[in-house]
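# Structural overview
Given next are the chains, with one letter for each unit.
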Amino acid sequence: QDEDMARLGRVDRLVAVAGDEIIADGTLELRGHGWGDNIGELRLIVARPYQHLRLGTMLARELYYLAEERKVDRIVTRMMRPQEGAQRIMKRLGF
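Residues numbered from 1 in each chain as written. Predicted model: local features only at pLDDT ≥ 70, side-chain atom pairs only at ≥ 80, totals over all residues. Heavy atoms only, no water.

### Topic: the pairing of strand β4 (residues 74-77)
Bridge analysis of strand β3 (residues 39-46) against β4 gives four bridges, and the strand direction is parallel. Within β4, the position partnered with Ile 39 by the bridge is Arg 74. Between β3 and its parallel partner β4, the chain crosses via helix α2 (residues 55-69), and the hand of that crossover is right-handed. (Pairing = 2+ DSSP bridges. Helix = DSSP H or I, 4+ residues; strand = E, 2+ residues; numbered from the N terminus. Right-handed = clockwise from strand over helix to strand, strands pointing away.)

### Digging into the packing of aromatic side chains
The tally for this structure, following the rule as stated, stands at one aromatic pair. Between Tyr 64 and Tyr 65, the ring centres sit 6.4 Å apart and the planes meet at 65 degrees, which makes this aromatic pair edge-to-face. For Tyr 64, a relative accessible area of 29% corresponds to the partly exposed category. (Phe/Tyr/Trp six-rings, centres within 6.5 Å; stacked < 30°, edge-to-face > 60°. Buried < 20%, exposed > 50% of the residue type's maximum accessible area, 1.4 Å probe, protein only.)

### Details of the environment of Ile 39
Relative to the assigned elements, Ile 39 resides in strand β3. Other than its neighbours up to four places away in sequence, Ile 39 contacts Glu 29, Leu 30, Arg 31, Val 72, Arg 74 and Val 76. (Contact = heavy atoms within 4.5 Å.)

### Description of the sheet that holds strand β1 (residues 11-18)
Strands sit in the order β1-β2-β3-β4 across an open sheet of four strands; the sheet is mixed. Edge positions in the sheet fall to β1 and β4, since each has one partner strand and no second. For this sheet, the mean angle separating the axes of adjacent strands, direction not counted, is 20 degrees. For strand β2 (residues 21-31) and β3, the ladder comprises eight bridges, and the chain directions are antiparallel. Looking at β3, one finds that Arg 31 is bridged to Ile 39. Strands β1, β2, β3 and β4 of the sheet are contacted by α2, whose axis makes an angle of about 30 degrees with β2. (Axes fitted to C-alpha atoms, helices over the stretch in contact; angles between N-to-C directions.)

### Observations regarding a nonpolar patch on the surface
A cluster of nonpolar residues, Val 15, Val 17 and Ile 22, forms a patch on the protein surface that exposes about 260 Å² of accessible area. Mapped onto the secondary structure, Ile 22 falls in strand β2. (Patch = residues over 30% accessible without salt bridge, like charges linked within 9 Å, V, L, I, M, F, W, Y side chains within 5 Å. Areas by Shrake-Rupley, 256 points an atom, 1.4 Å probe, with all protein chains shown as cover. Salt bridge = Lys/Arg side-chain N within 4 Å of Asp/Glu carboxyl O.)

### Structural notes on the nonpolar core
Note on soluble globular proteins: their nonpolar side chains tend to be buried together. Residues Leu 28, Leu 30, Leu 42, Ala 60, Leu 63, Ala 67, Val 72, Ile 75, Ile 89, Met 90 and Leu 93 constitute the largest nonpolar core, which totals 11 residues. Counting only elements with at least two residues in this core, the list comes to β2, α2 and α3 (84-92). With three residues, the single largest contributor to this core is α2. Setting aside anything within four residues of it in sequence, one finds Leu 93 in contact with Ala 60 and Arg 61. The next biggest cluster of nonpolar side chains, apart from the first, holds six residues, and it includes Ala 16, Ile 23, Val 46 and Leu 59. (Core = buried A, V, L, I, M, F, W, Y, C linked by side-chain atoms within 4.5 Å.)

### Side note on the pattern of salt bridges
For the structure shown, the criterion picks out three salt bridges. Linking Glu 29 and Arg 43 is a salt bridge whose minimum nitrogen-to-oxygen distance equals 2.6 Å. Here Glu 29 is found in strand β2, whereas its partner Arg 43 is found in strand β3, with 14 residues between them in sequence. On the basis of relative accessible area, Arg 43 is assigned to the partly exposed category, the value being 31%.

Next up, the structure:
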């Protein structure tokens, strides 16, 4: 399903690579039809050895800029309570 949405231009994905390894992944997914097309969901994951290097912040910022370009009215993020780093990133971005 994600691949179908990516082909339709409804998923933007950014990755950070070190050597031949993906070390961080960020996605902006536009959901819904009609009025819901202006809502985006932002997801981030950073490999543990690369956390606290601001990779998550950089990915989140770039995805935020992509959301602005796509005229997204609202961005939703979901995270678990233990994900304090992700919570800090979102707070820095104004969430």
